[in-house]
Amino acid sequence: PLSYFRFGVGKFKASVWSCILEKDTGKIAFNPHSKTLTWLLLLYSSSGHFAGAVYQNGKCIAHKTFHRYTSRRKQGGAQSAHDNKSGKANSIGAQIRRANEAELRKDIHNLLLSKWHRHVEEANNIFIGTTSRNRSVFFKIPTGVKVKRAALQKSDKIKYIPFATARPTLSECDSVCRRLGRLRFVHSVLKVEQNTNLQINSTLTNQNVKKKIKEAS
């Protein structure tokens, strides 16, 4: 999942995560008019945790977390997963977990379609961190919502985080953003040309690139 670049007559090599690049051009997508790079990170776990954050040029400008009691204590796993596997349970606890999971899906749906609608539209990349089984949270219409439209529409700017993530929190969103935007130096060179396409976030400025090269040489 890494893409490699060479600079300065091939003496310098660095890598970035392929998911941050456009499929057609192989470059990092950003808004050329405002010269901003906007990422939307969405983390979700079946234990009832959700965290979302919007980053503009590497700085968090909006964030939101949700948590609802949806997982079966001691036994683990979401109530819906247990229902699909062993049949629908009728206990009070099962009914509460089932209702909470539905409400959590509504919370996420309302956040992305209403409060964060502008962020979703303006984001250059939308990164989703969850299991393949849970991705439907973002692409299916929850029961009982007024707006009969999925929270996200599938497009090229929707990417899946290529590494495992911890429990969804704002801190984990920050960590994922830094890791996605990290430029890895494979070996050093004496000279490198400035490449604005690699200014992914605030940690990847041209000054930091020069500092890394100086330390490695």
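The structure displayed is predicted, hence computed values, not measured ones. (Residues numbered from 1 in each chain as written. Predicted model: local features only at pLDDT ≥ 70, side-chain atom pairs only at ≥ 80, totals over all residues. Heavy atoms only, no water.)

Student: Please clarify how helix 5 (residues 170–180) should be interpreted in this entry.
Tutor: Since there are 3.6 residues in each turn of an α-helix, residues three or four apart along the chain are aligned in direction. Among the residues of helix 5, Glu172, Cys173, Val176, Cys177 and Leu180 are the ones counted as buried. Looking straight down helix 5, one finds its buried side chains confined to an arc of 140°; they lie on one side. In the core, the buried residues of helix 5 are packed alongside strand 2 (12–17), strand 3 (38–45), strand 4 (49–56) and strand 6 (125–129). (Buried < 20%, exposed > 50% of the residue type's maximum accessible area, 1.4 Å probe, protein only. Helix = DSSP H or I, 4+ residues; strand = E, 2+ residues; numbered from the N terminus. Arc of directions from axis to C-beta. Contact = heavy atoms within 4.5 Å.)

Student: Sorry if this is basic, but what is going on with the pattern of salt bridges here?
Tutor: Pairing between side chains becomes possible if they bear opposite charge and their charged atoms approach one another. Scanning all chains against the criterion turns up three salt bridges. The partner of Arg68 in a salt bridge is Asp107, with the nearest N and O atoms 2.9 Å apart. Linking Arg68 in the loop between strand 5 (59–67) and helix 1 (79–86) with Asp107 in helix 2 (residues 92–115), this pair joins segments that are 39 residues apart in sequence. Its salt-bridge partner being Glu103, residue Lys106 comes within 3.5 Å of it at the nearest N-O pair. Placement of the pair is Lys106 and Glu103 together in helix 2, with a separation of three residues, close to one helical turn. Accessibility expressed as a relative area gives 24% for Lys106, which makes it partly exposed. (Salt bridge = Lys/Arg side-chain N within 4 Å of Asp/Glu carboxyl O.)

Student: Even after reading the chapter, I still don't get the sheet that holds strand 5, so can you show me in this structure?
Tutor: Across a sheet, strands are paired by hydrogen bonds formed along the backbone, either parallel or antiparallel in direction. Taking strand neighbours across the sheet as the criterion, the five strands line up as 5-4-3-6-7 in an open arrangement whose pairing is mixed. One side of each edge strand has no neighbouring strand; the edge strands of this open sheet are strand 5 and strand 7 (158–160). Pairwise comparison of adjacent strand axes, ignoring direction, gives a mean angle of 15° for this sheet. As paired elements, strand 6 and strand 7 share three bridges and run parallel to each other. (Pairing = 2+ DSSP bridges. Axes fitted to C-alpha atoms, helices over the stretch in contact; angles between N-to-C directions.)

Student: Honestly, a nonpolar patch on the surface in this entry has me stumped. Any pointers?
Tutor: A cluster of nonpolar side chains, contributed by Leu2, Tyr4 and Val186, occupies part of the molecular surface with about 270 Å² of accessible area. Secondary-structure assignment places Tyr4 in strand 1 (residues 2–7). You can call Tyr4 partly exposed: its relative accessible area is 48%. (Patch = residues over 30% accessible without salt bridge, like charges linked within 9 Å, V, L, I, M, F, W, Y side chains within 5 Å. Areas by Shrake-Rupley, 256 points an atom, 1.4 Å probe, with all protein chains shown as cover.)

Student: Explain the pairing of strand 4 here, please?
Tutor: Two faces make up the sheet, and in a regular strand the side chains alternate between them. Judged by how many residues are buried, strand 4 sits mostly within the fold: seven of eight residues are covered. As paired strands, strand 3 and strand 4 are joined by eight bridges and run antiparallel to one another. What sits directly across from Leu43, in strand 4, is Ala51. Between the end of strand 3 and the start of strand 4, which pair antiparallel, lie three residues, with Gly48 showing a positive phi angle near 95°. What sits between strand 4 and strand 5 in their antiparallel hairpin is a turn of two residues, with Asn57 showing a positive phi close to 55°.

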